[in-house]
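# Examining the three-dimensional arrangement
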Amino acid sequence: MAGRKRSATDFPNITRSEFAKILEKARKTRYVRCPYLAMRDASLIAFEFLFKTRVSEGVGRVFPENRKDRQRSKFLDKYEGVKLDDFEVATVRGREVLRCRFRALKRGCRKKICEECGTRNDLSANFCKKCGSTLAQVKFDSRLKEHYVWDSVRLDDPFTYYIIEWVDFLKQNSKDPNPQVWAITRQRAWQICKRLGIMNHTQRHWRATQLADAMDPFTLKEALHRATMPFEYVHRAESRRLEREEEADKIWT
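Figured I'd write up the structure that's included with this text. Only a predicted model underlies this, so the values are computations on that prediction, with no experimental measurement involved.

The secondary structure content of the protein chain amounts to nine helices and eight strands. Counting the 253 residues in the protein chain, one finds 43% classified as buried. For the protein chain, the share of sequence-separated contacts (at least 6 apart) that also reach a separation of at least 24 residues comes to 66%. Of the accessible surface of the protein chain, which amounts to about 15,200 Å², a share of 51% is contributed by carbon and sulfur atoms.

Between helix H2 (residues 37–50) and helix H5 (residues 160–173), the least distance of the axes is 8 Å, while the angle of their chain directions is 130 degrees. Judged by the inter-axis angle, H2 sits oblique to H5. In the packing of H2 onto H5, the handedness of the crossing is left-handed. Residue-level inspection shows Met39, Arg40, Ala42, Ser43, Ala46, Phe47 and Leu50 of H2 in contact with H5, the latter providing Thr160, Tyr162, Ile163, Glu165, Trp166 and Phe169. Split into classes, the residues belonging to the contact of H2 with H5 amount to nine nonpolar, two polar and two charged.

Okay, the nonpolar core next. One finds Phe19, Phe47, Phe51, Val82, Phe87, Ile163 and Trp182 to be the most contacted residues of the largest nonpolar core, which totals 39 residues. Those elements that provide at least two residues to this core are helix H1 (16–27), H2, helix H3 (55–59), strand S4 (95–107), strand S8 (144–154), H5 and helix H6 (186–195). Sorting elements by how many residues they give to this core places H2 first, with eight residues. Excluding residues that lie within four positions of it along the chain, Phe19 makes contacts with Ile14, Ile45, Phe49, Phe159, Gln203 and Trp206. Counting residues in each nonpolar core, the second largest holds six residues, with Ala208, Leu211, Leu224 and Val234 among its members.

Here the focus is the environment of Ile198. Tracing the sequence through the fold places Ile198 in the loop between H6 and helix H7 (202–211). Residue class for Ile198 comes out buried when judged on its relative accessible area of 11%.

Our next topic: H2. Taking 1.5 Å of rise per residue, the 14 residues of H2 would be expected to cover 20 Å, and the 20 Å separating its terminal C-alpha atoms lies within 8% of that figure. For H2, a buried count of 14 out of 14 residues is recorded, marking the element as mostly surrounded by other parts of the structure. Positive backbone phi, at 55 degrees, marks Lys52, one or two positions downstream of H2.

Let us now look at the pattern of salt bridges. Inspection of every chain in the model, using the stated rule, returns 11 salt bridges. With its nearest N and O atoms 2.6 Å apart, the salt bridge here joins Arg99 to Glu88. Of this pair, Arg99 sits in strand S4 while Glu88 sits in strand S3 (residues 87–92), placing them 11 residues apart in sequence. Residue classification places Glu88 among the partly exposed residues on the basis of a relative accessible area of 33%. As a salt-bridge pair, Asp157 and Arg154 come within 3.5 Å of each other at their nearest N and O atoms. Taken together, the salt bridges that share partners define one network made up of Arg16, Arg154, Asp156 and Asp157.

About the cut-offs
Residues numbered from 1 in each chain as written. Predicted model: local features only at pLDDT ≥ 70, side-chain atom pairs only at ≥ 80, totals over all residues. Heavy atoms only, no water. Helix = DSSP H or I, 4+ residues; strand = E, 2+ residues; numbered from the N terminus. Buried < 20%, exposed > 50% of the residue type's maximum accessible area, 1.4 Å probe, protein only. Contact = heavy atoms within 4.5 Å. Areas by Shrake-Rupley, 256 points an atom, 1.4 Å probe, with all protein chains shown as cover. Axes fitted to C-alpha atoms, helices over the stretch in contact; angles between N-to-C directions. Parallel < 35°, antiparallel > 145°, perpendicular 65-115°, else oblique. Left-handed = near helix turned anticlockwise from the far one by under 90°. Nonpolar A, V, L, I, M, F, W, Y, C, P; charged D, E, K, R; others polar. Core = buried A, V, L, I, M, F, W, Y, C linked by side-chain atoms within 4.5 Å. Expected span 1.5 Å × (residues − 1). Salt bridge = Lys/Arg side-chain N within 4 Å of Asp/Glu carboxyl O.

Structure follows, in structure tokens:
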């Protein structure tokens, strides 16, 4: 998949009723020792869909991820994911919404850090540009570009129920006053999605494709405020494109 442009067949779009069946399947998952974890699974799937997030923005991640780099690098960032206090109920122009604050992460430029003077050098450099020391066995700086964003979804959306159900459960049962909402790894999130027959990150593409029917490109880019190009997240079948062209031809006859 790396380096290959995604096509419509990679992320076939589904209707809201079909997505509701996936949420119900997650909600009915049998956990023998901890049956409440079915709420967690359904809430995570609904969160990725409604808030149009990557899975890492919900459950968190640690950089660097590559095992070789992890051994050679110093950790400059440890992201814990969404916490309980990041959710709130608010009102936007008379409409109640569920708001969430989460940190969007983008990998920045990796640099070689000189052990002698601390200067950041390009990855292709063999010697420090400041002091001339060798850079053969140095640590990498996996610095990230990050920013906090707020996003809102309608409180009366049926899918919001799954998130609120899990958040309320944590408020009543967690000993930590501000726990992680989904205290799992990205690998575990992948396992949950695989069991449901979907992929991590797919929910974001589904939501973007659905919103593209009602939003112009500029509004869609604002809705996907972590995407540089919204069209990368919209997947149309060729038949759908031909239908829209026919509709446009009728309008502009």
